[in-house]
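# Examination of the molecular architecture
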Amino acid sequence: MARRSPARRPRKRRPSKRQRRERGQLILIGLAVAGVVGFTLVSALVSWLSANPWVLIALGAGAVAAVTVWAHRRRQALLWERTRQQGLRYGLGQLDALHHRDFEYAVRDLMRRDGCGDARQIGGAGDNGADVLATDPLGRTWVIQCKHRKAGDKGSAVGTPDLQRVNGCARQLYGADVVLVVTNGRFSARCAPLAAQLHMHLADRRTLAAWAGSGQPLWELLAKVPRPRRSR
């Protein structure tokens, strides 16, 4: 049995040059009419405002009032945020219950509380061992690696590979003056000698508790924090 060829779809006819020209003329006419109408409306509005200047005065006063209210609320919000940060306190139980990423944000907020207005959390993929960056009031750049343990000091100890990882990039990539590893747990016995050799600082659970639970800046709790190597 012979196969039937499929039915051909009718080809769409392209508009002729005349049709395209007429369409273009209609568009131009529409634009011209819209322009005339718009100009007429603007002229009428200007004329009406000229005859009623009190409207402009009222609009200007309303705009000034709105900007004043917005600026006041903004100042109040900044003041409240500054007050909140200055009074920020964490207990070890609160820090233990945090997700490791939230622990990094908590360290960032504590640095802000202590006057590091530019403190920011950068931990994540490709962070090169740095979780928090901050500049303290003396101009020192801090590069902080945060090691969170769900079980606190009962969890696994932070080891020397963690120190070596952040030390390898902190000064070269971030220009660190102070390199710090902070944990809510504990460090292995080999960490303290290595940190001294690498001119790094360690904040274990005990130091973290003293820092987070008081208003005392971290650099007052750490020994031999260097002064800035360069002017800012």
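These lines cover the structure that appears in this document, whether it is placed above or below. Remember, it's a predicted structure, so these values are computed and weren't measured experimentally.

## Observations regarding the sheet that holds strand E2 (residues 132-135)
Taken together, the five strands give an open sheet; going across it, the order is E1-E2-E3-E4-E5, and neighbouring strands pair in mixed fashion. Strands with a single pairing partner mark the edges of an open sheet, and in this sheet they are strand E1 (120-121) and strand E5 (201-203). Examined bridge by bridge, E2 and strand E3 (residues 141-147) share four bridges and lie antiparallel to one another. Paired with Thr 135 across the two strands is Thr 141, which belongs to E3.

## A closer look at helix H5 (residues 160-174)
Compared with an ideal rise of 1.5 Å per residue, which puts 15 residues at 21 Å, H5 spans 21 Å between its outermost C-alpha atoms and is within 8% of the ideal. The set of residues buried in H5 consists of Thr 160, Asp 162, Leu 163, Val 166, Asn 167, Cys 169 and Ala 170. Just downstream of H5, Gly 175 is the residue with a positive phi angle, here 60°.

## Thoughts on a positive patch on the surface
Together, Arg 14, Lys 17, Arg 20 and Arg 23 make up a region of like positive charge exposed at the surface. Checked against the element boundaries, Lys 17 lands in helix H1 (residues 17-51).

## Considerations on the packing of helix H4 (residues 100-113) against helix H7 (residues 205-212)
Across the interface, H4 lies against H7 with an axial gap of 11 Å and an inter-helix angle of 50°. Judged by the angle between their axes, H4 and H7 are oblique. Regarding H4 and H7, the two cross each other, and that crossing is left-handed. Across the interface between the two elements, Phe 103, Val 107, Leu 110, Met 111 and Arg 113 from H4 touch Leu 208, Trp 211 and Ala 212 from H7. For the contact of H4 with H7, a count of residues per class yields seven nonpolar, no polar and one charged.

What counts as what
- The written sequence of each chain sets the order in which its residues are numbered from 1.
- Owing to the predicted nature of the model, reporting of local features is limited to residues with pLDDT of at least 70; listing and counting of side-chain atom pairs is limited to 80 or more, with chain, interface and lining totals taken over all residues.
- The side-chain quantities take in all heavy atoms of the structure and omit both hydrogens and water.
- In this description, strands pair whenever DSSP reports at least two bridges between them.
- Secondary structure follows DSSP: runs of H or I at least 4 residues long count as helices, runs of E at least 2 residues long count as strands, and numbering of each begins at the N terminus.
- To estimate the expected span of a helix, subtract one from its residue number and multiply by 1.5 Å.
- Burial classes: relative accessible area under 20% of the type maximum marks a residue as buried, over 50% as exposed, and values in between as partly exposed (1.4 Å probe, protein chains only).
- Patch membership is restricted to residues that have no salt bridge and whose relative accessible area is over 30%. Joining uses 9 Å for like charges and 5 Å for the nonpolar side chains Val, Leu, Ile, Met, Phe, Trp and Tyr.
- Only the protein chains shown count as cover for residues, and all accessible areas are computed by the Shrake-Rupley method using a 1.4 Å probe.
- Here a salt bridge means any side-chain nitrogen of Lys or Arg lying within 4 Å of a carboxyl oxygen belonging to Asp or Glu.
- Counted as positive: Lys and Arg. Counted as negative: Asp and Glu. His and the chain ends are not counted at all.
- For charged residues, the charge sits on one atom: NZ in Lys, CZ in Arg, CG in Asp, CD in Glu.
- Lines fitted to the C-alpha atoms define the axes, with helices restricted to the stretch that makes contact. Angles between their N-to-C directions range from 0 to 180 degrees.
- The cut-offs work like this: below 35 degrees is roughly parallel, past 145 is roughly antiparallel, 65 to 115 is roughly perpendicular, and the gaps in between are oblique.
- If you view the pair so one helix is near and one far, a crossing is left-handed when the near helix is turned anticlockwise from the far one by less than a right angle, and right-handed when it is turned clockwise.
- Two residues qualify as a contact provided that any one of their heavy atoms is within 4.5 Å of a heavy atom in the partner residue.
- Any residue that is not Ala, Val, Leu, Ile, Met, Phe, Trp, Tyr, Cys, Pro, Asp, Glu, Lys or Arg is counted as polar, Gly included; the first ten are nonpolar and the last four charged.

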